[in-house]
Amino acid sequence: MEIFIVSVFVLGYTLITLEHSLKVDKLIPALIMMALAWAGIAFGLDSFGTWFDSVHGKLVDGFANLPLHSLGEHDEVTYSASKSGWLEHTLLHHFGKTCEILIFLVGAMTIVEITDHFNGFQTIKTFVKTNSKKTLLWIVCILGFVLSAIIDNLTATIVLITILRKIVPDNNLRMWYAGMIIIAANAGGAWSPIGDVTTTMLWMGNKVTAMELIKNLLLPSFVCMALPTLIAGFLPIFKGNIESDGNEEKRSKNGPFMLALGLGMIVFVPVFKTITHLPPYVGMMLSLGIVSLVAEILSNRKFSLTQVEDHEHVHGPTFKALSKIEMPSILFFLGILMTVAALESLGLIFTFGNTVNGMISEDLFVTLLGVGSAIIDNVPLVAASMGMFQEQMDAEVWHFIAYAAGTGGSMLIIGSAAGVVAMGMEKISFFWYLKNITLLASIGYIAGVGLILVM
Amino acid sequence: MEVVVLATFIIGYVAITLEHTLKLDKLIPALMMMAVCWATIALNLDSFGQWLDPHSGNLMDITSFNHEGRIHLLEGTLLHHFGKTAEILIFLMGAMAIVEMIDHFDGFSSIKKTIHTNSKRKLLFIVSTLAFVLSAIIDNLTTTIILITILRKIIADKNDRMWYAGLIIIAANAGGAWTPIGDVTTTMLWMAGKVTTVKLTEYLILPALLCVLVPVIIASFLPVFKGTMEIDHSDDSDQNKYGGLMLILGLVLIIAVPVFKSITHLPPYVGMMLSLSIFATVSEILSNRSISFTNPEADEHHKGPTMKALSKIEIPSILFFLGILMTVASMESLGLIFNFGQQVSAAIPESVFVTLLGLASAVIDNVPLVAASIGMFREGVDAEVWHFIAYAAGTGGSILIIGSAAGVVAMGMEKISFFWYLTRISILALLGYLAGIGMFLLLV
């Protein structure tokens, strides 16, 4: 059954990468792959000998000997008493975590769309004085680096790409910017304990302290971002100026206000998270509620000022903004993340890593771990490696792992959450990224690794 | 602090019911009250003395918990509720997308063609029967979506259609109550080992049938269902040739979801996503072919039917649902619902209590009610009370439009207002509900 699941995964990934030649939207293989992988697990549940507990990041003790279904009074036993209990619990855990990201994404996209409804991004163009592509590249990358360290790399990517959409009209150019944002956001997330899920995991797991992490990784991370950006600056695509689309026709008087509100409310999300310790989507929904409340009030007032009963069923800005959200990218994300979760749950990744770790040196292993995180999600990788090494707090290996897992994912578009989101939002194909961005990302990654090993 | 949570809920709910008066989309208060409720809980975590554990359904005494332990508890509980809520949302999106894709191929016009009658009363019986039977197999939410979509093709008059939609809600909720896969609540009772399939059907088929027959028969004497109507035949000429095929395929795939679920024991959304992707594949292939037949390079950036269907999904309804369910979950976690139920249950007899529970499910979502009542009673498998709860929670929600998922969706699709439903359909639903209860109590 393991073979079936792995082949579903390989086949599905192949179909996703071949999206453009097959002309089948990538969300279809992603969803099929998710359903088949979990169905495979459900069918073969009795035959599995290992199970990965994602909450605690270790293999379940004695999973092979657990009964398939628990006996006795249903509400008295916990999930850990049976295999089906574990399956149910793990699936709900992963699904919950995945949907937290999806709902967060929906919220962020809607706020940006509402802001755009009021032509809010027209204001940004007046702020960004430069028309030079190269200067914009540096601005965007440094913003990505800093933002992702403060907020998290997923949010930073979403916010920057959505803003770029309003500033850079050319699709191809924007894909390049998006690629560089992925590199910058992943690099920025690695050196701050709250910047990336994996560093947060290491921090919460008492493997690293915030000060040491920043001290050890700030420079390597910066190099990992700056070197690709420097090189990209010499590429022909970033030469010259951005052609402005020139239509400055309708400038809503509420534009600047809505822009300030929208961005302010997005920045408010991590603040809300720090105060309440609730997952970010709760804060994002509150922000969405406030932004759309203001938007509805503003547009209601405008309607009553001009024509009172123009349309009976006129839709408010919230409604319009919500209909512009791209559901395919949301569902694609669901499919991908849940499939990786299926692989993770079987303990396949964990077992494989353990075998490799026994054969090669630690430095090489961690470097490869980073490369591996380009293929597999870095969260299970770090979770697994936390169980693999027994070193002390702030040992070098932990910082190295934080760097490798955080930045290594930039090498393939499917390697990091930021990349997968960009893939959905900007329609970047797997091969486009492989041809154009992967080399840059690898140079940055290796330069950073070199710096860590020297230091 | 419990007071703040309750007050937020009440204010939010008032804002939702006054949606049309305030001219404020109902998803705004729903989302805000969710965030405020959970934030209130998180910020005053140390002040709570009890907590409802979602895994076991037991009310725990947490006075001895330290801050770290409480944070851990909150995180676990929130993730659990969010996961359960998202399961419903993703399931819903899948069902909506399939239905939209069937619509893309004009699939529902084939059903429309089979309805030959011009009599409003006959149509009422046909539609109600369809809703009752369909919702027993697939869930009542999907049934409502499908039937309202069909009605949109048949009935041009908005007011008429709102009446039909109201009776569809009653029929769909009644139909969902007597099978384990028909409704989320019966599924919950079934999965928790409280009822078995055969017994549930045996106990509830007659009461459920009565619950729909009484309102439909009364309604058929109302002036709005008198006479005949013009059936819209305008777009019959340019019918898609795949319409019938896609309709059957779509329905079979939706029916396959509960089958997939009972084979794999995975949550229904996994099966729904599989069905969606199979359906999307077929429709992409069909539409690619038909495009290459006609004009190959008409549109470079042509969007397939999947994209179109997905962009038509009503995200506002989805987010509204998220807000509502998560707000109730916050009150549930504090043990407010549980305590309330316990107090009431101690004061009055069980059958009265369950009847009231059904009435309450018209205001509060029936999922948390059933979840709470699973922890409230200690009876064994197939005890009468479980079947009674299944009936009450399943059908009681019809009394108010916000009382059931079917109603909420109909509210979104047909723009039925809360008060319109209250003044016209509620009394019918109430009569049916009480008749069914009478039947149930007679039978046992």
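Conventions adopted
- Residues numbered from 1 in each chain as written.
- Chains lettered and ligands numbered in written order.
- Predicted model: local features only at pLDDT ≥ 70, side-chain atom pairs only at ≥ 80, totals over all residues.
- Helix = DSSP H or I, 4+ residues; strand = E, 2+ residues; numbered from the N terminus.
- Buried ≥ 20, exposed ≤ 12 C-beta atoms within 10 Å, placed from the backbone.
- Contact = placed C-beta atoms within 7 Å.
- Axes fitted to C-alpha atoms, helices over the stretch in contact; angles between N-to-C directions.
- Parallel < 35°, antiparallel > 145°, perpendicular 65-115°, else oblique.
- Left-handed = near helix turned anticlockwise from the far one by under 90°.
- Nonpolar A, V, L, I, M, F, W, Y, C, P; charged D, E, K, R; others polar.
- pLDDT = per-residue confidence, 0-100.
- Expected span 1.5 Å × (residues − 1).

A. The arrangement of the overall build of chain B in detail. Each helix and strand in chain B was counted, giving 21 helices and two strands. Here chain B, with 444 residues, has 55% of them falling under the buried criterion. In chain B, the share of contacts with a sequence separation of at least 24, taken over all contacts with a separation of at least 6, comes to 79%.

B. Seen up close, the overall build of chain A. Along chain A, the regular secondary structure elements total 21 helices and two strands. Within chain A, buried positions represent 52% of all 455 residues. Across chain A, every contact between residues at least 6 apart in sequence was considered, and the portion connecting residues at least 24 apart equals 78%.

C. Spotlight on the environment of Gly323 of chain B. Residue and element names in this part refer to chain B. Residue placement: Gly323 occurs in helix α14 (residues 315-333). Gly323 gets classed as buried once you count the C-beta atoms within 10 Å, which come to 26. Counting along the chain gives 293 residues from Gly323 to Ala30, while the straight-line C-alpha distance between them is 4.6 Å. Apart from the residues lying within four places of it in its own chain, the contact partners of Gly323 are Leu27, Ala30, Leu31, Met33 and Met34.

D. View of the packing of helix α4 (residues 67-104) of chain B against α14 of chain B. Residue and element names in this part refer to chain B. In the contact formed by α4 and α14, the axes pass within 10 Å of each other and the chain directions differ by 150 degrees. In terms of orientation, α4 and α14 fall into the roughly antiparallel class. Judged by the twist between their axes, the crossing of α4 over α14 is right-handed. Residue-level contacts link Thr77, His81, Phe82, Thr85, Leu89, Leu92 and Met93 of α4 to Ile318, Phe321, Leu322, Leu325, Met326, Ala329 and Ser333 of α14. For the contact of α4 with α14, a count of residues per class yields ten nonpolar, four polar and no charged.

E. Examining the interface of chain A and chain B more closely. Counting residues at the interface gives 47 residues for chain A, matched by 48 residues for chain B. Of all elements in the fold, only α3 (27-43), α4 (83-117), α12 (280-305), α13 (317-323) and α14 (327-345) of chain A reach the threshold of two or more residues within the side of chain A that touches chain B. By residue class, the composition of the side of chain A that touches chain B is 29 nonpolar, 13 polar and five charged.

F. Representation of the confidence of the model for chain A within the structure. Residues and elements named next belong to chain A. For chain A, per-residue confidence averages 79 on the pLDDT scale, and 87% of positions sit at 70 or higher. This model gives residues 72-76 a pLDDT under 50, and the stretch forms five contacts once residues within four places in sequence are excluded. Low pLDDT, under 50, characterises residues 303-313; the stretch is placed with two contacts to residues that sit more than four places away or in other chains.

G. Fine view of the environment of Ser410 of chain A. Its place among the elements puts Ser410 of chain A in the loop between α18 (396-408) and α19 (417-426). Once residues lying within four places of it in the same chain are set aside, the contact partners of Ser410 of chain A are Ile182, Ile183, Asn186, Gly415, Ser416, Ala441 and Tyr445 of chain A.

H. Structural detail: the environment of Leu206 of chain B. Residue and element names in this part refer to chain B. In this structure, Leu206 sits in helix α10 (residues 197-219). Under the C-beta neighbour-count criterion, Leu206 is labelled partly exposed, with 15 such atoms within 10 Å. Sequence separation between Leu206 and Thr306 is 100 residues; the distance between their C-alpha atoms is 41 Å.

I. Region of the structure containing the confidence of the model for chain B. Residue and element names in this part refer to chain B. In the predicted model, chain B carries a mean pLDDT of 81, and the fraction of residues at 70 or more is 89%. Helix α17 (residues 366-376) is the least confidently modelled element of chain B, averaging 69 in pLDDT, while helix α21 (residues 426-443) averages 93, the highest of any element. Contacts from residues 291-302, a stretch scored under 50 in pLDDT, to residues over four places away or in other chains number one contact. Across the whole predicted complex the pTM is 0.77, and at the interface the ipTM reaches 0.75.

J. Looking closely at unusual backbone geometry. Residue and element names in this part refer to chain B. In this structure, His265 is a non-glycine residue whose phi angle is positive, near 60 degrees. Of note, Asp382 is a non-glycine position whose phi angle comes to about 60 degrees, a positive value. You can see Asp382 is positioned in the loop between α17 and α18 (384-396).

K. Quick peek at helix α7 (residues 153-167) of chain A. An ideal rise of 1.5 Å per residue puts 21 Å on 15 residues; α7 of chain A measures up with 21 Å between its terminal C-alpha atoms. Listing the buried residues of α7 of chain A in full gives Asn153, Leu154, Thr155, Ala156, Thr157, Ile158, Val159, Leu160, Ile161 and Ile163 of chain A.

L. Representation of the packing of α3 of chain A against α14 of chain A. Residue and element names in this part refer to chain A. At a closest axis distance of 8 Å, the pairing of α3 and α14 adopts a crossing angle of 30 degrees. One element, α3, and the other, α14, form an angle in the roughly parallel class. The two elements α3 and α14 cross, and the hand of that crossing is left-handed. Residues Leu27, Ala30, Leu31, Met33, Met34, Ala37, Trp38 and Ile41 of α3 form the contact with α14, whose own contacting residues are Pro328, Leu331, Phe332, Gly335, Ile336, Met338, Thr339, Ala342 and Ser345.

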